[in-house]
Structures are given as structure tokens and as C-alpha cells.
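Coordinate inspection notes
What follows is the residue order along each chain.
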2 protein chains.
Amino acid sequence: MRVLGEHLIVELYDCDIDIISKVDSVQNIMLKAAKAAGTVAIDSIFHHFQPYGVSGVIVIAESHFAIHTWPEHRYASIDLYTCGEKSRPWAAFKVIKKMFKPKHFSVMKMERGLVP
Amino acid sequence: MRVLGEHLIVELYDCDIDIISKVDSVQNIMLKAAKAAGTVAIDSIFHHFQPYGVSGVIVIAESHFAIHTWPEHRYASIDLYTCGEKSRPWAAFKVIKKMFKPKHFSVMKMERGLVP
């Protein structure tokens, strides 16, 4: 079977509260992560919620990256979905882990689209 | 433990090839699904790739919906990520299943953000 997409489901706990609270810092880190992964950003949306929380998505030529933050719980939920053999999603994860400074985290790797 | 997000990982196989090929039809169906789920769309990006394939994301007040299609494999990969007790992600799935007409599919439900 061939696998079309690789999807890292990332859970970050006890993050740096200042960093995950600000839409600018979240956006910068996610764009940096997309670059580190060797992906090509097509377009992105980043949104700050009142009173707190940031949501963001980047559509990349190789699928998408997404993030949602809950500063009140110091939690960030991240999806790194790539396709193609040239993408390096774990390099993106490395950037994310370094910049959001979670004390605990989990990553689950899923293979999406199993075709003959 | 409290769960912050509910994430449906949807794999659609043997879809209607015309429908998953066109950016307009993919966008319409995803926006209809977001409405059916009772979510509030904040912004969206839909992109058609050459020679084929569509990627799209909708940032909703309750997190995000995303889709990637591979018409050459009749496959569509969909993520329905919602938070809050008022969202109805399975209603979105119902719309998606009806409109993309997959002959086979799988759905996995993940709970994201387990906090005390």
C-alpha cells in the first residue's frame, strides 16, 4: 500500500503562557516550523480570541499545519499534516517544541490515505 | 479529566471524482458541513492544485475543518476539529458523507487536550 499523507498529532502541555497567548508569536513559530519542514506556505489565517486563545492554520503545498491554544490551561494542540517525500514534519516539531516550551507533550503519527 | 477538543479524522475512499476535483464543490460542501455542525466560520482558504487536487481549511470559532483531495486516487482526507458542547461534528460528517459519495470510509474520534 502507498501512504499519501503523514499527520503528526501534537499535544503540548504546560507551555509558556505568554508565547501561546499572543497571535504574533504563535504565527511566527508556526511559519518558522513550516519553513523548517521544507514546505511551501500558500496562505494562512491566524486569529486571536477574546478573552484568550489563538487559532491558526497554514495551507501548504504539502497539506496543512494547524494550531489551537488554550492559555488558561497552558495547552496547545497542533496538527502537522504533510505529503511528499521531501517534507520533514519532525523538523517542524523540533521548532515547535523548542519555541512553545512545553513541560510535557505527546506526538502520535498517523498515516493518511492508504491506497494500492 | 476535562476534554478541550473533539477531533474526527475522516478517510473517504472511492469518492465522486468530479466533486472532489473541483474547488467550488469542495468549498461549498465544507462550508455546508460547518453550518450543519452549528459552528461559526471565521475565515477560510480553498486552493486548487495543478494538475489536480484541492486543499481547504476553515477556521471556525470552535477550532477548524480541513480537507485534502487526491482525485487521481478518488480519496479525500478530512479533519473535523471542534470544541464546546454546542458543536455537532457528526452532523458535519453526515453532510460530507452524503455529498462526496465515498463507497468506503473510516472515522476515528480523538479527544484533544485532556486537562484536570
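Residues numbered from 1 in each chain as written. Chains lettered and ligands numbered in written order. Predicted model: local features only at pLDDT ≥ 70, side-chain atom pairs only at ≥ 80, totals over all residues. Heavy atoms only, no water.

**Some details on the interface of chain A and chain B**
Rules: Whether two residues are in contact is decided by their heavy atoms, any of which lying within 4.5 Å being enough. We define buried area as the total accessible area lost by two parts upon association, computed with a 1.4 Å probe and summed across both. What counts as a salt bridge is simple: a side-chain nitrogen of Lys or Arg found within 4 Å of a carboxyl oxygen of Asp or Glu. Any pair of nitrogen or oxygen atoms within 3.5 Å is treated as a polar contact; in protein, a donor-acceptor pairing is required on top of that, and neighbouring residues in sequence qualify only through side-chain atoms on both sides. We count a stretch as a helix when DSSP gives it H or I for four or more residues in a row; a strand needs E for two or more, and each element gets its number in order from the N terminus.
Each partner contributes to the interface: chain A provides 37 residues, whereas chain B provides 37 residues. Summing both partners gives a buried area of about 2,800 Å² for chain A against chain B, and 68% of it is carried by carbon and sulfur. Counting every contact that joins chain A to chain B gives 4 salt bridges. Across the pair A:E11 and B:R112 runs a salt bridge, and its minimum N-O distance is 2.6 Å. Linking chain A with chain B are 22 residue pairs in polar contact (both at pLDDT 80 or more), by the criterion used here. Only β1 (2-13), β2 (41-48), β3 (54-60), β4 (63-70), β5 (75-83) and β6 (104-115) of chain A provide two or more residues apiece to the side of chain A that touches chain B.

**Let's talk about the environment of B:G53**
With respect to the helices and strands, the residue B:G53 is situated in the loop between β2 (41-48) and β3 (54-60). When the C-alpha atoms of B:G53 and B:K22 are compared, they prove to be 8.1 Å apart, with 31 residues separating the residues in sequence.

**Topic: the relation of the copies chain A and chain B**
The operation linking the two copies of the chain is a rotation about an axis combined with a translation along the axis. Just so we agree on the cut-off: All copies are superposed by least squares; the fitting set is the C-alpha atoms of residues with a pLDDT of at least 70 in both.
Of the transformation placing chain A onto chain B, the axial shift is 0.0 Å and the rotation is 180 degrees, giving an RMSD of 0.0 Å. Overall, the copies show the geometry of a two-fold rotation axis. Looking at the rotation axis and the C-alpha trace of chain A, the residue lying nearest is A:V57, at 3.7 Å. In this assembly, 100% of the residues forming the interface of chain A have copies in chain B that are likewise at the interface, indicating an isologous arrangement.

**Side note on the pattern of salt bridges**
Applied cut-off: Throughout, exposure labels follow a simple rule: accessible area from a 1.4 Å probe, protein chains only, divided by the maximum for the residue type, with under 20% read as buried, over 50% as exposed, and the rest as partly exposed.
Summed over the entire model, instances satisfying the criterion amount to 6 salt bridges over all chains. In this structure, the salt-bridge partner of B:R112 is A:D79, at a minimum N-O distance of 3.2 Å. Here B:R112, found in strand β6 (residues 104-115), pairs with A:D79, found in strand β5, and the two come from separate chains. The pair B:R112 / A:D79 is uniform in exposure class, with both members buried. Within the structure, one salt-bridge network assembled from shared partners comprises A:E11, A:D79 and B:R112.

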